Structures are given as structure tokens and as C-alpha cells.
Amino acid sequence: MFGWMIRFIKRNNLLPKISDTERAALEAGSVWIDGDLFSGRVNFKKILQEPYPQLSKEEKEFIDGPVSEVCKMVNEYEIRKQKKLPQEVWDYLREHRFFGLVIPKEYGGHHFSALACSTIFGKLGVRSMNLNVTVMIPNSVGPSELLAKYGTKEQKEYYLPRLAKGEDIPCFALTEEKAGSDAGSLRSEGVVFKGEDDKIYVRINWSKRYITLAPIATLIGLAFYLRDPENILGKGEDIGITCILVDAKTEGVEIGRYHDPLNNGFPNGPTRGKDVVVPLENVIGGSEYVGKGWGMLMEALSAGRGISLPGFATAGVHVATRGVAAYSMIREQFSIPIGKMEGIREPLAKMAGFCYLMEATRVFTCGAIDNGHNPSVVSAIVKYSLTELGREAIGEGMDIMAGKAICLGPNNPIAQGYLAAPIAITVEGANILTRTLIIFGQGTIRCHPYLYRQVQALQQEKGGKFVALLAAHSFFMAKNTVMHLLVGTTRGYFLRAPKWNKTRRYYQKLKWASLKFAALTDVAAISMGSQLKKKGNLAGRFSDILSWMYIGTCVLRRYHEEGDNKSDLVVVEWCMEYALWQIQQAFAGIYDNIKVPIIGGLYGKFQLFCLRINPLGKAPRDLLSNQVAQIPQNPGEQRDNLTFAYKPDYVENEPLADLEKTLLLVKEAAPTLRKINQAVKKGELQKQPLIQNIETAVSEGVISKEESTLLRNLENARDNIIRVDDFSWEELTF
């Protein structure tokens, strides 16, 4: 009865086509509050009741004990020169089972929560990229996680204890020369055959690159395309992507060569295999899971993206903000600390605001994972957003520290993060791909209340079901359109919000943004159909809106969880104004470029005009930014709460420790400095460098001898902070 309609829709590509690899990605994970944001029906009362995670006593003891201790054992500058961790560090990591953070306790692991793992990765990362990666890779997407979830009983009992104790060092080989972001186009191939012993084997050939820990791995997790020409397994000739474990000592395996990822010093390199013979029983999950490797990887990645790299990025911003803010109050130009200049406070406010919103997003997302959700779209948002914000914040810090930041050496407190940021951007799905294809492209189909079911009905040629879904979708779209116009007219003032404090307006504006987003998503889907997947710029802007709606939600959830602390309100206001401003800009970009049938660009131009006279948000005000920038500049509880979430270990005489001590001296010496400045204004002292005025100030009775000692200590400490490293030619070319 409805065959003509199905043929018409397919012929005109009115709905997107879904490949097998896309279907596996879509079916991986689960929909969480991203579904509410997509639908325009955000229930903030329910969101505020979502569990908010806390570290357990055992996790806190591990972080305050072994994690803190190993952080003190490494010096990143020396590691970068040597390109490896000291042997005593390796021994310590094995002794305390750092490679078994996610492995169940019955197999010798810790089985820590997502929040604990994220926190540990962040804490290790701010001390050493090498240390972080060495621990992170075995505990993220790779053999341990896949074995724990899919492995056979025999595989778990053999491999997991060895992995937990560090007897085996794993890597996971996925990326190839011709299969990077498009991992579904793997060319590595394995062929099933029977050996002379009548057992089943796989002969594999592969060439992989960018594989972290590959040069030192003893166990290789390998993704390849499995073929069975003789149909030995009874599943056809082309079985599909499969994950298998390969002993690195197996004949034909090539490892040991290194890439050099921005001189970060961690082991990363290629691995190749020529006619490598592996028993079929080494397939992760056994023969039952042959051909299911892509779905397994997508399922693991759907949660993993929200844990490791977001933890690393957030910790990096916290520590950089703390150090840069201290430097801004220590370094003086034109007789004042540079941190009192508005030109410095503007980027510093961004760094401080990012500290709050990144931590809020990281913690809330980890809580969802720990409570059984597997939010694939949210994890993609978090990985993309927090690594991008991390790169932006570190860049702002580099600008503030200027020449001090660009001279590499043991006294540089920020360059390590600057060099590491692009790596986080690239791995676990390059951010360009994540933004333009995954967040909105997959999110539209996965999170939309009707679209995926419509596509399924179309592919199954169930005309009646498709028509019923189409009718429901049409009503949903009409209702959203009317609601978004009404809410826009009233600027959302009549929308319900769970709070009556100063955050109430932000809840209303996020609801308004969600309604506008839902209505516009349907307009774009109807206007472009399957071509929407190719409109990367538009899809990227939709992704930006969804990402910032989620980040704004996380900010409000954190503020609620921490008791609506009034001292944090100024930061929350900055974060929400910044988030709404980003949403406003993304909507403007869509309206400026979208074209709909018949009326072309007129729809977008009209909506853009309405958006400009009735905006969702504006950039944070200068006064607000100045207030936020001063929080990390002033020692105290508020600074600690904002920037000390990871409690990084400052080692004596290292740059971060020196910055902390000198900032405290600046605060302690402030009253004495005011006395001298007042004396200069009165003409009692000459206007000259402080160090030249100290003796005269004592003899004139302006300050005491004890105060003069304090000022000398401050000036010596200040000189040490602003000093940059220099080397002989021999040292430089070591």
C-alpha cells in the first residue's frame, strides 16, 4: 500500500542511508540526557536528581598514596630527553597494579570507577605525559577492557592477572595508513585455515601506525578483517572486523620502531605483521565474537571517550591556570603586576572559567558512566569539547607568560601542556571528525525521538510503520515549532525552572535553546535529507549548540550539587554567559548558511534577523571577567576550589612549586609594599626600583628590618620566577 512512498523516499535520498559500520556505531552505547536536549523537552528537575559521583575511600587512599608518590618520582624534562620512564618508576607501577585500574578485583585489579580513573589520569598527566600515557593506554580502550567485557573464561583467567600485574604490557593496533578516522576501511586481513594438528588458526598480515606502547608491548590487541574462504567456521567467506590477541614474540611480528609525537617522550610507533599465525581461540570472546570487532570497539569507545582524555585535559587547565595566574601577579611591567592589566585578565578569566565548567562536565559525565549509562554522543561531546577547551586555555596561558613560555627547559611550567594538547585533539577520533560527523551526524539519528526508527522502518520496507512514525514526527515538529516561536517571543520568561535563585534565568535560556535546536534540526533534516551528512560546516555548528547546551547543564548541576555556594556564583555566571554566547554564535552561523526548499536562504536570513534582535546570549561582561580572573590570582580557599581539583604534587624547587611560594610572598608583602608606595607618593622616597629603595625605607623608618628581609626574599624569588633557561651548545644538542 505504501510501497510507492518508500520508493520515492529512497529514490530522492530524503532520509540518510546507514552503512553497517555506521549502524554498529549507532547501536553502541545508550541515550542519556542528550535525548532530552535533542527533543526540546529538557527536564531539569530530573537532571538535578541524577546521581553525582564521589570517590570512594579506597580510591582516595590510592590517589593520595601511590599516585602522589609516583608523581614525585618523575621529572618530565628529563623524561623528554631520555624518551623513557626510569626503571624504578616501572617497578613502582607494577608493584601497585597501576595497569589494572579497570580490571575486576577477582583477577588482581582495582576495578576503580570512571571518576577515579579520570582523576588518576589527570593527576599523572600534569606531572608527565609519558607517565600518563603509560598508565592510561592499558586502562582505556584496549585488551584489558575488551577482555573484561567480552573475553572467554579462559582468556580472563590467563590474561587479566598478567595485565593487572604488568607482566604483559598491552597495546591496541587499529589505525593504518589507509584507515585512520575511517577505521571501517581496514586493510589488515586474516584468513582462517586448519593446521596440521586439525586446530583452527588465522594467518594475519597487517601494517599499523600511531600505536601507543607498540614499541615496548608484549601483547598486541589487533583489529583486522577476517575472511574464511573455505567456510570453516560456517559463517560465510567475509566475516568482518575481528579483534584478536597476538603475542609480540610470535614469528612475523615487527615492533620496536618509534614515532616521535611532538617530542613528548612516550612510546608510540608502528607495528607490522607478515603471515603471522595465531590460534582462533585468541579472538577476544572466542569464535562467538568473530566479525563483531567493530561493534565491540564502538561499545568500549562510547564510554571511554568520556573518561581518559577529558581527565587529562581538565587537569592540565587547572594546573596551567594556577601557575599562569600566579605568574601574572609576580611578573611586573610598567611598575605593576601584569595580572592587573585588563588585557591579561580577559584571557585569564577564560582559563579560570574553563576550570569550573570543564571539571563540572568531567565529573557529571563520569557519574553517568559509573551509574550504568553508556552515553556515546555525550562521551563524544566531552572528548571533543574538553580537549579543545584545554588547547585554547593553554594557548591563552602561553600568551600571558610570553617569552617565559616558549623557552623550553626545566624551569618552564607550561610548555609541556602546550606540546601535549594537539595529541589529545587527535586520538580517539580526531576532533574535526568528532565535531562534523559524530556529535550531530550520529546524534541526530541516535537521539532524535523518531528519526532512527523511521530509517529502520524504511530499510525494512515497513510502509505502515513508517507512515505512523512520520505522522508522529510531523506532530512533534509542529509542536516544537510553535513552542519555540512562543518561547522566543516571551524570551523564555514563562518557562519552568527548578530554581528561584540567580541561576533561574540560565535554566530558562537552556530550555529555550533546546526548543530552538529541536525545531531547527527537523528543518535541516527535511531540507537536506541524506545530504545533511555532507554538510560538515552546518553539522559542526549544530554540534557546537548541543555541546554547549550539555556543558551549561553540567555547570548548573555542579552548582546545585555544591549547595548553590554564593562565592562560586560569579564563576557560574561567567560560564553560563560564555556557553549561551557560543550557542548564539552557532545559531547565527546556521541561519546565515542554511537553505530550505522553495524559499532558499530567506528562511535563514529572517531567523538571523530575529536572533540578533532577540539574542539568547552575549559575551561575558568585562566587569564579570575581571572578577573571575582575580580568583586564581589570590591565594585562598576560593582559588583552591577552582584550580586545585587534582591536587597536583609540587616537588621542591620545580617551577610550579616556586610559583606557589612566590605568590604567597606577594600576598604577605602587600602591606609593606603599600607603605613604600605611599612614601614615594609623599616624596619621602625616590621613584626607583624597589630593591634600591629598601635600605632607604628602613633608615627613614618607613618599614622595619623584618619587612626589609621579606621584600628582599620576594625580589629574589621574583627574579628566580622570571628567569628563563639557557644552555651551552653541547647541552642543547645532547
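Computed from a predicted structure; not experimentally measured.

K.L.:
Hey, could you run me through the overall build of the protein in this one?
P.N.:
The number of helices and strands found in the protein is 30 helices and 9 strands. By its C-alpha atoms, the protein is 100 × 70 × 45 Å across when sized along the principal axes. Counting every position in the protein, which comprises 734 residues, the buried fraction comes to 58%. Intrachain contacts of the protein at a sequence separation of at least 6 include 76% that bridge at least 24 residues. Just so you have it, the protein exposes about 31,500 Å², and 52% of that area is on carbon and sulfur atoms. Between the centroid of the 89 positive side chains of the protein and the centroid of its 81 negative side chains there is a distance of 9 Å.

K.L.:
What is the right way to read the UniProt feature "domain: Acyl-CoA dehydrogenase/oxidase N-terminal" (unreviewed entry) in the protein from this model?
P.N.:
Listed under "domain: Acyl-CoA dehydrogenase/oxidase N-terminal" (unreviewed entry) in the UniProt record, and renumbered for this structure, are residues 72-167. This span, residues 72-167, is 61% helix and 0% strand, and a straight line between its end C-alpha atoms measures 24 Å.

K.L.:
Can you walk me through the domain arrangement of the protein in this structure?
P.N.:
Bring the parts together and some accessible area is lost; that lost area is often taken as the interface size. Each domain of the protein was delimited in the assignment, giving domain 1 (13-51 + 307-630), domain 2 (57-169), domain 3 (171-295) and domain 4 (655-732). A C-alpha centroid distance of 44 Å is found between domain 2 and domain 4.

K.L.:
Could you clarify how one ought to interpret unusual backbone geometry in this entry?
P.N.:
It is generally the case that most residues other than glycine have a negative phi and that most peptide bonds are trans. At D198, a position not held by glycine, the phi torsion is positive, near 70°. Within the secondary structure, D198 is located in the loop between strand 2 (189-194) and strand 3 (200-212). Of note, the phi angle at S335 is positive, near 70°, even though the residue is not glycine. Position of S335 relative to the elements: it lies in the loop between strand 8 (332-333) and strand 9 (336-337).

K.L.:
I tried to follow helix 28 (residues 690-699) on my own but got confused; where do I start?
P.N.:
Because each turn of an α-helix spans 3.6 residues, side chains separated by three or four positions end up pointing in the same direction. If you check which residues of helix 28 are buried, you get L690, N693, I694 and A697. Buried residues of helix 28, viewed axially, fall in a sector of 125°; they line one side. Helix 28 presents E695 and S699 as exposed residues on the side facing more than 90 degrees away from its buried surface. Its buried side turned inward, helix 28 meets helix 27 (655-682) and helix 29 (705-722). Taken from the residues just after helix 28, G701 is the one with a positive phi, measuring 80°.

K.L.:
Please clarify how the nonpolar core should be interpreted in this entry.
P.N.:
Membership of the largest hydrophobic core comes to 196 residues, with the highest contact counts inside it found for L357, Y550 and I583. One finds Y150, L163, L186 and C243 within the second-largest nonpolar core, a separate group that totals 24 residues.

K.L.:
Just checking my understanding: could you explain the side chain of S385 for this structure?
P.N.:
With respect to the helices and strands, the residue S385 is situated in helix 15 (residues 376-401). S385 sits in the buried class, given a relative accessible area of 6%. Apart from the residues within four sequence positions on either side, S385 is in contact with S547 and I551.

K.L.:
Mind showing me how you'd approach a nonpolar patch on the surface here?
P.N.:
On the surface, a nonpolar cluster with roughly 260 Å² of combined accessible area is contributed by V482, M483 and L486. With a relative accessible area of 48%, V482 lands in the partly exposed category.

K.L.:
In this structure, what is going on with helix 8 (residues 114-127)? I would like to understand it.
P.N.:
Helix length check: helix 8, at 14 residues, gives a terminal C-alpha distance of 20 Å against a target of 20 Å (1.5 Å per residue), a fit within 8%. Across the 14 residues of helix 8, 14 count as buried, placing the element largely inside the fold.

K.L.:
Any chance you could explain the pattern of salt bridges here in plain terms?
P.N.:
Close approach of charged atoms lets side chains of opposite charge pair. Under the definition given, this model contains 33 salt bridges. Residue K105 pairs with E58 through a salt bridge whose shortest N-O separation is 2.9 Å. With a gap of 47 residues between them, K105 in the loop between helix 7 (87-95) and helix 8 and E58 in helix 5 (residues 57-72) connect regions that are remote in the sequence. Note that E392 and K350 form a salt bridge whose closest N and O atoms lie 2.9 Å from each other. With E392 in helix 15 and K350 in helix 14 (residues 342-370), this residue pair connects regions lying 42 residues apart in the sequence. A relative accessible area of 30% means that E392 is categorised as partly exposed. Through salt bridges that share partners, R162, K165, E167 and D168 make up one connected network.

K.L.:
Even after reading the chapter, I still don't get the packing of helix 23 (residues 569-591) against helix 24 (residues 602-613), so can you show me in this structure?
P.N.:
Any two packed helices are characterised by how steeply their axes cross, that is the angle between the axes, and by the distance between the axes. Interaxial distance between helix 23 and helix 24 falls to 8 Å at its minimum, and their mutual angle equals 155°. Here helix 23 lies roughly antiparallel to helix 24, going by the angle between them. You can see that helix 23 and helix 24 cross each other, and the crossing is left-handed. Where helix 23 approaches helix 24, its residues Q584, F587, A588 and Y591 are matched on the opposing element by Y603, G604, K605, Q607, L608 and L611. Taken together, the residues of the contact of helix 23 with helix 24 break down into 6 nonpolar, 3 polar and 1 charged.

K.L.:
For this particular structure, what's the right way to read the environment of R362?
P.N.:
By secondary structure assignment, the location of R362 is in helix 14. Within the structure, the side chain of R362 is placed 3.1 Å from the side chain of E359, a separation counted as a polar contact.

K.L.:
Help me understand the environment of E76, please; the structure alone is not making it clear to me.
P.N.:
Mapped onto the secondary structure, E76 falls in helix 6 (residues 76-82). Along the primary structure E76 and V89 are separated by 13 residues, whereas in three dimensions their C-alpha atoms are 13 Å apart. Setting aside its immediate chain neighbours within four residues, E76 contacts R127, S128, M129, N130, N264 and Q416.

K.L.:
So what exactly am I meant to see when it comes to the packing of aromatic side chains here?
P.N.:
When we look at a pair of aromatic rings, we describe it by the centre distance and by the angle of the planes. As enumerated under the stated definition, the model contains 23 aromatic pairs in all. Ring plane angle 15° and centroid distance 6.2 Å describe the contact between F38 and F440, whose orientation is recorded as stacked. Of this pair, F38 sits in helix 3 (residues 33-39) while F440 sits in helix 18 (residues 431-447), placing them 402 residues apart in sequence. Each member of the pair, F38 as well as F440, is classed as buried. Where Y450 meets F476, the ring centres are 5.6 Å apart and the plane angle is 65°; that geometry is what we call edge-to-face. Of this pair, Y450 sits in the loop between helix 18 and helix 19 (451-459) while F476 sits in helix 20 (residues 463-490); the two residues are 26 residues apart in sequence, bridging distant segments of the chain. Residues Y450 and F476 agree in their burial class; the two are buried. Three or more aromatic residues joined by ring pairs form one cluster here, namely F354, W548, W574, Y578 and W581. A cation sits over an aromatic face here: R203 above F193, 4.2 Å from the ring centre. One residue, R558, lies across the ring of Y356, its end atom 4.0 Å from the ring centre.

Definitions and limits used
- Residues numbered from 1 in each chain as written.
- Predicted model: local features only at pLDDT ≥ 70, side-chain atom pairs only at ≥ 80, totals over all residues.
- Heavy atoms only, no water.
- Helix = DSSP H or I, 4+ residues; strand = E, 2+ residues; numbered from the N terminus.
- Buried < 20%, exposed > 50% of the residue type's maximum accessible area, 1.4 Å probe, protein only.
- Contact = heavy atoms within 4.5 Å.
- Areas by Shrake-Rupley, 256 points an atom, 1.4 Å probe, with all protein chains shown as cover.
- Lys, Arg positive; Asp, Glu negative; His and termini not counted.
- Charge placed at Lys NZ, Arg CZ, Asp CG, Glu CD.
- UniProt positions renumbered as here; feature names shortened; annotations may be inferred.
- Domains from an automatic or database assignment.
- Arc of directions from axis to C-beta.
- Core = buried A, V, L, I, M, F, W, Y, C linked by side-chain atoms within 4.5 Å.
- Patch = residues over 30% accessible without salt bridge, like charges linked within 9 Å, V, L, I, M, F, W, Y side chains within 5 Å.
- Salt bridge = Lys/Arg side-chain N within 4 Å of Asp/Glu carboxyl O.
- Expected span 1.5 Å × (residues − 1).
- Axes fitted to C-alpha atoms, helices over the stretch in contact; angles between N-to-C directions.
- Parallel < 35°, antiparallel > 145°, perpendicular 65-115°, else oblique.
- Left-handed = near helix turned anticlockwise from the far one by under 90°.
- Nonpolar A, V, L, I, M, F, W, Y, C, P; charged D, E, K, R; others polar.
- Polar contact = N/O pair within 3.5 Å; in protein donor to acceptor, adjacent residues only side chain to side chain.
- Phe/Tyr/Trp six-rings, centres within 6.5 Å; stacked < 30°, edge-to-face > 60°.
- Lys NZ or Arg CZ within 6 Å of the ring centre and 35° of its normal.

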